[in-house]
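Okay, here's what each chain looks like letter by letter:
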Amino acid sequence: MSTITRAPSYLGVGLVWAYRMTFGALFPTTCKYEPSCSEYAIQALRKHGLVRGSAMAGWRLLRCNPWSHGGHDPVR
Amino acid sequence: MIHLLLASIPIITPLEHLARNALDWIHTHLGLSWAWSIVALTVIVRMLLVPLTVKQIHSMQNLQRFAPQMKEIQKKYKSDKQKQNEELMKFYRENQINPAASCLPMLAQIPVFISLYYALRAFAKNPPPGDLSWLHFIPNITWHANAFWGGYVLLVVYVASQMASSLYMSATADKTQRYLFMLMPLVFVFVIAHFPAGLVLYWVTTNLWTVGQGLITRRLMPRPQAPEKKSSRTPPKDEPGDGGENGAQPKQPAPKPAPAAKAAPPRRVRRKKQAGRR
């Protein structure tokens, strides 16, 4: 059951991996946060599922802008 | 395979239309060839991103001020990468450093890239009226870059420009990471060789813009002064070992520690005496 409920989040994790293999590699950049945005997205998806995990990852991406200070920001 | 997957995402078609319309507009209103329209579109996009990148370059210069201290942290936690990262992030926060690299500006480039990719694919299927060549060495911007000799020239320029732009834009103090970024285009050139030449042209233009912007901002904006707090508290006389090890230490402002050193001796004497009485 838990595998079924977790399935959508696996899809999200797969998409993040696809991003890492393609655009992440083509447009290399270092993230100002620790863990990095893609790692944060994977952790958030695994911990909170597809909907909440995606929202958290999206919010993190918006925060990862030139005006923010970055830093240690783990998934809670 | 990837483009089929991407094509199924509903946002791709509007993006493709947007790129197509933008190229159409530049081609008809400015009278440029299709290849030059791509260059112009790239320049317009990069001009819109100027405030963002200027901020990034400012941050990068700020980051370079603290390079010696950051190197020390890296040395200290050499074996534990995660701890090293955490300590670096803490250091950033304590010193109000805003690391240059952030994911959002990089992500902003992706829609432009995808839209151009699809627009050029559509061009290949239904070639629009007008000149599709560029500077006599690219006969057709919709052809794959590895399909003609001019494409190889473009690929060489791509690799060089990508390396140069990584040199300017990778703000990381980690040397291995920096080398990795520099070597990345040598690996990816094999993938990019299968992309339409017009897309490689976009890439070359955006990279050259990055390099030019980096050069201009470095010339126009003087580097901020080295930090005076913290570093001035560690007088070189007391800890010769620490200062000597770090090659970047002489870059610290020499006159600034002096006033601190003048003020320091009487305090130290008092402390020592008090400690002796106890």
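What counts, and where the lines are drawn
The written sequence of each chain sets the order in which its residues are numbered from 1. Whichever chain is written first is A, and whichever ligand is written first is 1; the rest continue in order. The predicted origin of the model limits local features to residues at a pLDDT of at least 70 and limits the giving and counting of side-chain atom pairs to 80 or more, whereas totals for whole chains, interfaces and linings rest on all residues. Helix numbers and strand numbers start at the N terminus; a helix is a DSSP run of H or I with at least 4 residues, a strand a run of E with at least 2. C-beta atoms are first placed from the backbone for all residues, and any pair lying within 7 Å is then listed as a contact. By definition, a nonpolar core groups buried Ala, Val, Leu, Ile, Met, Phe, Trp, Tyr and Cys residues that connect through C-beta atoms lying within 7 Å of each other. Neighbour counting defines burial: a residue surrounded by 20 or more other C-beta atoms within 10 Å of its own C-beta is buried, one with 12 or fewer is exposed, and intermediate counts give partly exposed, using backbone-placed C-beta atoms. A residue's pLDDT is the predictor's confidence in that residue, given on a scale from 0 to 100.

1. Topic: the overall build of chain A
Okay, step 1: A tally of regular secondary structure across chain A gives three helices and two strands.
Okay, step 2: Sequence-ordered secondary structure for chain A, helices as α and strands as β, is α-α-β-α-β.
Okay, step 3: Considering only contacts within chain A whose residues lie at least 6 apart along the sequence, 65% involve residues at least 24 apart.

2. Points about the nonpolar core
Okay, step 1: Core analysis: the largest hydrophobic core is formed by 32 residues, its most contacted members being Ile 38, Leu 116, Ile 141, Leu 154, Leu 199, Val 200 and Leu 201 of chain B.
Okay, step 2: For this core, the elements supplying multiple residues, two or more each, are helix 2 (12-29), helix 3 (34-48), helix 7 (103-125), helix 8 (149-169) and helix 10 (197-220) of chain B.
Okay, step 3: Those residues in contact with Ile 141 of chain B that lie beyond four places of it in its chain are Trp 34, Ala 35, Ile 38, Leu 120, Leu 132, Trp 134, Pro 196, Ala 197, Gly 198 and Leu 201 of chain B.
Okay, step 4: Val 16, Cys 37, Tyr 40 and Ala 44 of chain A belong to the second largest nonpolar core, which has twelve residues in total.

3. Thoughts on the confidence of the model for chain B
Residue and element names in this part refer to chain B.
Okay, step 1: Across chain B, the average pLDDT comes to 71, with 67% of residues at 70 or higher.
Okay, step 2: Here residues 229-278 is a poorly scored stretch, pLDDT under 50, and it has 26 contacts once near neighbours within four places are set aside; other chains count.
Okay, step 3: If you check the scores for this complex, the pTM reads 0.64 and the ipTM reads 0.80.

4. As for helix 5 (residues 67-76) of chain B
Along an α-helix, residues three or four positions apart point the same way, because every turn accommodates 3.6 residues.
Okay, step 1: Listing the buried residues of helix 5 of chain B in full gives Pro 68, Gln 69 and Met 70 of chain B.
Okay, step 2: Elements in contact with the buried residues of helix 5 of chain B: helix 6 (81-94) of chain B.

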